[in-house]
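# Residue-level structural notes
Now for the letters of each chain:
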There are 2 protein chains.
Amino acid sequence: MNSAATALQTTDEPSETGAQQIRDAIRDAIVERRLSPGTKLSESDVGNLFNVSRTLARAALQALSYEGLVSVEKNRGAFVAYPSPDEARQIFAARRLIEPGILREAAARITTSEIQHLRQLLLEESRLIGERGQTARRAEIKASGDFHLALAEISGNAIMQRFMEELVARSSLVIALYGQSTISSCGHNEHGDIVSAIEAKKLDRACDLMVHHIAHIEADLDLRERKGQGLKEAFDL
Amino acid sequence: MNSAATALQTTDEPSETGAQQIRDAIRDAIVERRLSPGTKLSESDVGNLFNVSRTLARAALQALSYEGLVSVEKNRGAFVAYPSPDEARQIFAARRLIEPGILREAAARITTSEIQHLRQLLLEESRLIGERGQTARRAEIKASGDFHLALAEISGNAIMQRFMEELVARSSLVIALYGQSTISSCGHNEHGDIVSAIEAKKLDRACDLMVHHIAHIEADLDLRERKGQGLKEAFDL
DNA sequence: GCGCAAATAATCGTATACAATTTGACCGCA
DNA sequence: TGCGGTCAAATTGTATACGATTATTTGCGC
């Protein structure tokens, strides 16, 4: 049983309704970076971990591959996705393209209670930034994505929401691979500024802030090809 | 063997590489409207049709459910998706949100040969409009979507391309359900106008045309709840 | 000691088998 | 005739089994 095994086990109830449980568990593990890009996820191992047959494990991995979080190679197995620099650029290009539109939709139909909910999320987020420890770090990662997802949910379009879920999750992978600073939320409270702009009905400004926010995250990346991921390049400096 | 069976069989080579073959075949059948929304796709039937086991049939149906073309209900089976009016609105809202951005990306990096390719598609499309017969009609449906997909491909963003593939396919389902006129391509050659605008480097105009084009398609729909799909409402007029 | 080939082990691809759930029918009864 | 319940058929959910492909290791010759 490899390192992936220890990283996964979260609760002890193995199979409740089906393969979705497993899919969600693995997805969380990937997004929270308990599973590193490139980690092998063999069907047998996954099945044993959750005490289900390979059939269900396979279904879960299959599902994750549709979301771009896992790449399955024919006759070789499934691996936590290892997005190329080009893929990373495409992910952020997609976010720059989509998120302003979502923001506009969301702003148009947002209620005061939803604004309050957003502020709640922001508070939680900054609280986590203050704390230290692995679990706090993981929660922070998730929280920073949850803000964008909350906006998508407010927009009321389930399809766009699903697209955003995929993009945010894959972004987490990209940051894990190419991120330089400890975490993207550097200094400024950009999420907070966006909420303020929404509240002030300054839509154009909110969109600007959003685009720049995404650009900032991307600017923190070092998008250079890492060939063997620690092969020879790791030693000859 | 029900009506779904006759609608599916397209080639006689049953299983070549795996479940993807089946998924693609069924997807084509749905998009080309050989399969009507609501049609039951039982795992055994699909498997028998393609001479594979239920395992592969199930995988294919599962995949299609991720694309929103098939809805699987626990312990009840898989059905060709029957999008609700609200879902339909969300699909077109998503397209209005996404396609202008794709158009801008595409216009920025389009080459002369790609423009030629687009014009080729347009020619093919108008040729099909002229012809008559079921097969021509089906080809026309596919062609009208292919224009939007070609644009997405030119944009160079594989992720957005995949999103568009899903949206176009689901649009086909919506039109099959709620469309009023024989087909959306009414009179005007809106696709052609968009290409011309791109060629003339009039980006804003091209985006405007695109948004209106999508609005026109949506305007041709009669988005009213058909509850039982022909239940009581079908009789008391 | 080193490289190459063949055997071995591990893993995936697909099919089949069995259990669980749902659906529809049949039958008795008010 | 209409209603409720029990049973049977059909279909899905999950597990297991077997064949195919790929990776690894062993062993041999050099």
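Think of each chain on its own: its residues are numbered from 1, step by step along the sequence as written. Both sets of labels track the order of writing: A upward for chains, 1 upward for ligands. For a predicted model such as this one, the threshold for reporting local features is a pLDDT of at least 70, and the threshold for listing and counting side-chain atom pairs is 80 or more; totals across whole chains, interfaces and linings nevertheless cover every residue. Note: side-chain values were computed over all heavy atoms of the structure, leaving out hydrogens and water.

### Quick notes on the protein's contact with DNA strand C
- Neighbouring residues of DNA strand C: 18 residues in total, closest Arg54 and Arg58 of chain A together with Ser53, Thr55 and Arg76 of chain B.
- We call a residue near a given molecule or strand whenever any one of its heavy atoms falls within 4 Å of it. Protein-proximal atoms of DNA strand C, defined as those within 4 Å of the protein, fall in sugar or phosphate at a share of 62%.
- We define a polar contact as two N or O atoms separated by no more than 3.5 Å, with the added condition that, inside protein, one atom must be a possible hydrogen donor and the other a possible acceptor, whereas residues neighbouring each other in sequence contribute only through side-chain atom pairs. Arg54 of chain A places a side-chain nitrogen or oxygen 2.9 Å from a base nitrogen of DNA strand C.
- Within the contact set of DNA strand C, a phosphate oxygen lies 2.8 Å away from a side-chain nitrogen or oxygen of Ser53 of chain B.
- We count a stretch as a helix when DSSP gives it H or I for four or more residues in a row; a strand needs E for two or more, and each element gets its number in order from the N terminus. When residues of the surface near DNA strand C are traced back to their parent elements, those giving at least two are α4 (54–66) of chain A together with α4 (54–66) of chain B.
- Here the element with the most residues in the surface near DNA strand C is α4 of chain B; it accounts for three residues.

### Quick look at helix α3 (residues 43–50) of chain B
All names here are of chain B.
- Buried residues are those whose accessible area, probed at 1.4 Å on protein chains only, stays under 20% of the maximum for their type, while exposed residues exceed 50% and partly exposed ones sit between those limits. Listing the buried residues of α3 in full gives Val46, Gly47, Leu49 and Phe50. Seen along its axis, α3 keeps its buried residues to an arc of 160°; they face one direction.
- Remark: Asn51 follows α3 within two positions and exhibits a positive phi of approximately 55°. To obtain the arc, one takes the directions from the helix axis to the C-beta atoms.

### Observations regarding the pairing of strand β2 (residues 70–73) of chain B
Residues and elements named next belong to chain B.
- What makes two strands pair is DSSP finding at least two bridges between them. The pairing of β2 with strand β3 (residues 77–80) spans four bridges and is antiparallel. Bridged to Glu73 within β3 is Gly77.
- Adjacent in sequence and paired antiparallel, β2 and β3 are bridged by three residues, among which Asn75 carries a positive phi angle near 65°.

### Some thoughts on the relation of the copies chain A and chain B
- Rotating chain A by 180° about the axis while translating it 0.0 Å along that axis superimposes it on chain B, leaving an RMSD of 0.1 Å. Accordingly, the operation relating the two chain copies is best matched by a two-fold axis. Proximity to the rotation axis, assessed at the C-alpha, singles out Ile98 of chain A in chain A; its C-alpha lies 3.2 Å from the axis. To line up the copies, we fit them by least squares on C-alpha atoms, keeping just the residues with pLDDT of at least 70 in both.

### Side note on the packing of helix α6 (residues 112–130) of chain B against helix α7 (residues 134–155) of chain B
All names here are of chain B.
- Their axes nearest at 9 Å, the elements α6 and α7 cross at an angle of 165°. As the angle between them shows, α6 and α7 are arranged roughly antiparallel. Here the hand of the crossing between α6 and α7 comes out left-handed. When α6 is examined against α7, the residues Glu114, Leu118, Leu121, Leu122, Glu125, Leu128 and Ile129 are found in contact with a partner set consisting of Ala136, Arg137, Ala139, Glu140, Ala143, Ser144, Asp146, Phe147, Ala150, Leu151 and Ile154.
- A class-by-class count of the residues in the contact of α6 with α7 yields twelve nonpolar, one polar and five charged. Think of each axis as a best-fit line through the C-alpha atoms, taken over the contacting stretch in the case of a helix, with angles from 0 to 180 degrees between the N-to-C directions. Working rule for angles: under 35 degrees goes down as roughly parallel, over 145 as roughly antiparallel, 65 to 115 as roughly perpendicular, anything else as oblique. A crossing counts as left-handed when the near helix is turned anticlockwise from the far one by less than a right angle, and as right-handed when that turn is clockwise. Residue contacts are defined here by distance: any two heavy atoms, one from each residue, within 4.5 Å place the two residues in contact. Classification used: nonpolar for Ala, Val, Leu, Ile, Met, Phe, Trp, Tyr, Cys and Pro, charged for Asp, Glu, Lys and Arg, polar for all others including Gly.

### Some thoughts on the packing of aromatic side chains
- Stacked, edge-to-face and tilted labels apply to pairs of Phe, Tyr and Trp rings (six-membered ring for Trp) whose centres lie within 6.5 Å, assigned for plane angles under 30 degrees, over 60, and everything in between, in that order. If you walk through the whole model with that rule in mind, you get two aromatic pairs over all chains.
- Centre to centre, the rings of Tyr66 of chain A and Tyr66 of chain B are 4.9 Å apart; their planes meet at 50°, and the pair counts as tilted. In this pair, Tyr66 of chain A sits in helix α4 while Tyr66 of chain B sits in helix α4, so the two residues belong to two different chains.
- Taking relative accessible area as the criterion, Tyr66 of chain B reaches 26% and is therefore assigned partly exposed.
- Centre to centre, the rings of Phe163 of chain A and Phe163 of chain B are 3.7 Å apart; their planes meet at 5°, and the pair counts as stacked. Note that Phe163 of chain A is positioned in helix α8 (residues 158–178) and Phe163 of chain B in helix α8 (residues 158–178), a pairing that runs across two chains.
- Classification of Phe163 of chain A by relative accessible area gives buried; the value is 1%.

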